[in-house]
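# A structural walkthrough
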Amino acid sequence: MNSKDPLIQLRDVTKVYGEGPAAVHALRGVDLKIGQGDFVAVMGASGSGKSTCMNILGCLDTPTAGCYAFRDIEVGKLSRDQRALLRRHYLGFVFQSFNLLNRTSALENVELPLVYRGASARKRREAAREALEVVGLRGWETHSPAELSGGQQQRVAIARAIVTRPLVLLADEPTGNLDSERSQEIMQLLKSFNDDLGITILMVTHEPDMASYAKRVVTFIDGLIESDKRIRHQVEAAS
Amino acid sequence: MIINSFMLALRELKRNALRSFLTMLGIIIGVASVIILVTLGSGATLQVTDEIASLGSNLLIVSLGKRLGPGQTSGASAFKLDDAEAIANEVPDIVGVAPNAGRSLTVVVGNENWVTSVTGSTEAYFSVNNRELTKGRSFTAGDARRGASVCVIGDTVRRELFGALDPIGEKVRLGNLSCEVIGLLEAKGQSTVGTDQDDLIILPLRTFQRRIAGHDDLNLIQVSFAEGASTERVQDDIRRLLRSRRHLSGNEDDDFSVLDMKEISSMLTGTTRLLTGLLGAVAAVSLLVGGVGIMNILLVSVTERTREIGTRLAIGALEREVLLQFLVEAVVLSSLGGLIGIGFALGVSAVLAGMLQVPFVPDYSIIVIAFLFSAGVGVVFGFVPARKAARLDPIEALRYE
């Protein structure tokens, strides 16, 4: 891949749900380029199209029209299984409601993506332990989600997302269910992955505080990008 | 991936242990009942065949009615001793003819009493039925002619009435007849249909007819014929003889039957087989019901685990991997149920076989078929829920509350 090419490129992407007069135009022609190592906060009111855009960026959905290129791969032309493989190998997901498997230990939760990658049991265990240590949950390996606090659960979810060393981490309101102190900790963690491991992060958030950890803020209104700003100094000031 | 799905499925089932067990119950009951029925059925069949083989293949039973069995003698007049004598004298190759008349009676000795089956016959009874005596003697032709008050008793009667005492020479009372025990039959155990073959008393036919029955009807005539003679020929000869003695015209059906042991054997085993087959079919239906139960629970499980499925899909699980996960879960569930059912069935049929005194003959092909069938039920009924899970849209599944 040419390093000058952006990692992610949306060109005039539209997304329409339904048909005819009842059709909903969630995205009306979005252009977006995201380079490797960027940290993008996606903001906007609900219904602004940011979630639709995240679903497309996460290869969970395909554009109705326009082009989404991920590392020069035209995602819109891929089959469902091909997109699943793309997610498996390049993407990591963090959700607002954590989405950990119940009654399954933290370690096994973190191992899950490696199971689909076909890693051996020993390698899975090692990598999962390491990931849990990185998010500061050493010693909590055998605890099930019910035995963990919200902040800890989100750390497990983050460990699960980064255990595969993805190119891109997609976080959908990762701090939406947490108090402000836990939120700060989670944001520090994400920022460190961006800074230290060079993982590109795309994060949806409603809170400007959280967005301030990002390097760049993209705001959606009515299915279009209303603003796209780089922030430099706020980050230093915040830390 | 398969081993992985297998472990995953086991863990999932362990999480909902009670629910998994209840789901399996249908399969367990289905598999167990099929195996129990077939095992006991083939035990009974084997016993019938063995027992009849032990009677020898050159025995014929002449009875009233067109078929063996009660309630089918309507209208036909009973056999008399003359008929038995005619068979003995007029049909070639006959070795022995034992006319049988009998009823159930209370036998009294001192203050012990016992209800047993009392049969009047001739001295030929013992050779025709392959019964040996362990003690004393059988009655002679003279005893039979005279209508002597003597009898030969079976081992059960001895045990119940005499205990450890020697019965030979003792008197037993049958109604108002007092007769002397002159012989003891060798024990033979239970018969196929569960009757005790040692629970009997044999008297001379004349004694029985005069002193107990009060008439000279026979219930049936047992005929043994020479080894090497054609069964069909002897049967035909007897039929022709009896038809002429009973004045049946050419277009009238026989009102009696002459059956050889092979026919009786196939009749009995045929009944057992038919019954086993029918009950087995009913049991197989419960397997299908068990399958529907599995499908139902898996559909619930898929709905409950929608978010988990969404997470797995988002993480990069392929459609077929999710399908496989749920399919394996269904198959593990149903084949585990099958295994439990097989174990349960073997235990129960071993115990039941002991209680019913039929041989315990596990039929391995049925066990394998039942297991494969239960696994198959898992595949068939697991497919719909598994496909439903695999086809979920990850976005909607993640949003599912």
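Residues numbered from 1 in each chain as written. Chains lettered and ligands numbered in written order. Predicted model: local features only at pLDDT ≥ 70, side-chain atom pairs only at ≥ 80, totals over all residues. Heavy atoms only, no water.

What follows deals with the overall build of chain B. The helix and strand inventory of chain B stands at 13 helices and ten strands. The C-alpha radius of gyration computed for chain B amounts to 32 Å, which surpasses the reference 21 Å derived for 401 residues by more than 25%, pointing to a less compact arrangement than a globule. For the C-alpha atoms alone, the extent of chain B along its principal axes is close to 100 × 55 × 35 Å. Relative to its full complement of 401 residues, chain B shows a buried share of 50%. Of the contacts formed within chain B by residues at least 6 apart in sequence, a portion of 78% connects residues at least 24 apart. When the accessible area of chain B is evaluated, it comes to approximately 18800 Å², of which 59% is carbon and sulfur surface. Looking at chain B, you have 37 positive and 42 negative side-chain charges, and the mean spots of the two groups are 5 Å apart. (Helix = DSSP H or I, 4+ residues; strand = E, 2+ residues; numbered from the N terminus. Rg over C-alpha atoms; globule rule 2.2 N^0.38 Å. Buried < 20%, exposed > 50% of the residue type's maximum accessible area, 1.4 Å probe, protein only. Contact = heavy atoms within 4.5 Å. Areas by Shrake-Rupley, 256 points an atom, 1.4 Å probe, with all protein chains shown as cover. Lys, Arg positive; Asp, Glu negative; His and termini not counted. Charge placed at Lys NZ, Arg CZ, Asp CG, Glu CD.)

For chain A, the count of helices and strands is eight helices and ten strands. The C-alpha atoms of chain A give 18 Å as radius of gyration, which agrees with the globular expectation for 239 residues (18 Å, within 12%). Within chain A, the fraction of its 239 residues that count as buried is 55%. A fraction of 69% describes how many contacts in chain A between residues 6 or more apart in sequence connect residues 24 or more apart. Carbon and sulfur atoms make up 46% of the accessible area of chain A, which totals about 10700 Å². Computed over 30 positive and 29 negative side-chain charges, the separation of the two mean positions in chain A equals 6 Å.

Moving on, we come to the interface of chain B and chain A. Opposite the 27 residues of chain B that make contact, chain A presents 24 residues. Interface area, chain B with chain A, both sides summed: about 2300 Å², of which 52% is carbon and sulfur. When the buried area of chain B at its contact with chain A is split by residue, Arg15(B), Ile315(B) and Ile395(B) rank highest and sum to 26% of it. The tally of links between chain B and chain A comes to 14 residue pairs in polar contact (both at pLDDT 80 or more). Residue assignment for the side of chain B that touches chain A shows that the elements contributing at least two residues are α1 (2-15), α10 (306-315), α11 (319-356) and α13 (394-399) of chain B. (Buried area = accessible area lost by both parts, 1.4 Å probe. Polar contact = N/O pair within 3.5 Å; in protein donor to acceptor, adjacent residues only side chain to side chain.)

Residues and elements named next belong to chain B. Tallying each qualifying case throughout the model produces 37 salt bridges over all chains. In this structure, arginine 15 and glutamate 12 form a salt bridge, with 2.7 Å as the shortest nitrogen-oxygen distance. Here glutamate 12 and arginine 15 lie together in helix α1, a separation of three residues that amounts to about one turn. Residues aspartate 93 and arginine 233 are paired through a salt bridge, measuring 2.8 Å at the closest nitrogen-oxygen approach. In this pair, aspartate 93 sits in the loop between α3 (81-90) and β2 (94-109) while arginine 233 sits in helix α8 (residues 231-245), placing the two residues 140 residues apart along the sequence. (Salt bridge = Lys/Arg side-chain N within 4 Å of Asp/Glu carboxyl O.)

Side chains of residues three or four places apart in an α-helix project in the same direction, reflecting 3.6 residues per turn. A rise of 1.5 Å per residue sets the reference length of helix α5 (residues 150-162) of chain A, with its 13 residues, at 18 Å; its end C-alpha atoms lie 18 Å apart and thus fit the reference within 8%. Counted residue by residue, α5(A) has twelve buried out of 13 residues, so it is predominantly covered. Listed as buried for α5(A) are Gly151(A), Gln152(A), Gln153(A), Gln154(A), Arg155(A), Val156(A), Ala157(A), Ile158(A), Ala159(A), Arg160(A), Ala161(A) and Ile162(A). Here the buried face of α5(A) lies against β6 (91-94), α3 (106-117), α4 (121-134), β7 (168-172) and α6 (180-197) of chain A together with α10 of chain B. (Expected span 1.5 Å × (residues − 1).)

Here the focus is the nonpolar core. The nonpolar side chains of soluble globular proteins are, as a tendency, buried together. Residues Ile87(B), Leu174(B), Ile201(B), Leu203(B), Ile221(B), Val223(B) and Ile238(B) are the most contacted members of the largest nonpolar core, which totals 46 residues. For this core, the leading source of residues is β2(B), giving six residues. Other than its neighbours up to four places away in sequence, Leu174(B) contacts Leu105(B), Thr106(B), Val107(B), Val118(B), Cys179(B), Ile201(B), Leu203(B) and Ile212(B). Counting residues in hydrophobic clusters, the runner-up holds 40 residues, among them Phe39(A), Ala41(A), Val156(A) and Leu169(A). (Core = buried A, V, L, I, M, F, W, Y, C linked by side-chain atoms within 4.5 Å.)

Further remarks concern the domain arrangement of chain B. Along its sequence, chain B is carved into domain 1 (2-50 + 266-399) and domain 2 (77-254). Here the C-alpha centroids of domain 1 of chain B and domain 2 of chain B sit 53 Å apart. (Domains from an automatic or database assignment.)

Turning to the pairing of strand β9 (residues 216-221) of chain A, a few remarks are in order. Residue and element names in this part refer to chain A. By the criterion of burial, β9 is predominantly enclosed, with five of the six residues buried. Bridge count between strand β3 (residues 39-44) and β9: five bridges; the pairing is parallel. Opposite alanine 41, over in β9, you have valine 217 as the bridge partner. Where β9 and strand β10 (residues 224-230) come together, six bridges link them in antiparallel fashion. Bridged to valine 218 within β10 is aspartate 228. The antiparallel hairpin formed by β9 and β10 contains two residues in its connecting segment, where aspartate 222 sits at a positive phi of about 50°. (Pairing = 2+ DSSP bridges.)

Attention now moves to the pairing of β7(A). Residue and element names in this part refer to chain A. Across the five residues of β7, four count as buried, placing the element largely inside the fold. In the sheet, β6 pairs with β7 via four bridges, with the strands oriented parallel. Each bridged residue has a counterpart across the sheet, and for valine 94 the counterpart in β7 is alanine 171. Here β7 runs beside strand β8 (residues 200-204); their pairing, made up of five bridges, is parallel. By the bridge assignment, valine 168 is partnered in β8 with threonine 200.

Bringing unusual backbone geometry into the picture now. The phi dihedral of Asp222(A) is positive, around 50°, even though this residue is not glycine. Position of Asp222(A) relative to the elements: it lies in the loop between β9 and β10. Phi is positive for His247(B), close to 55°, though the residue is something other than glycine. When you line up the elements, His247(B) lands in the loop between α8 and β10 (256-260). Using a relative accessible area of 68% as the deciding quantity, one classes His247(B) as exposed.

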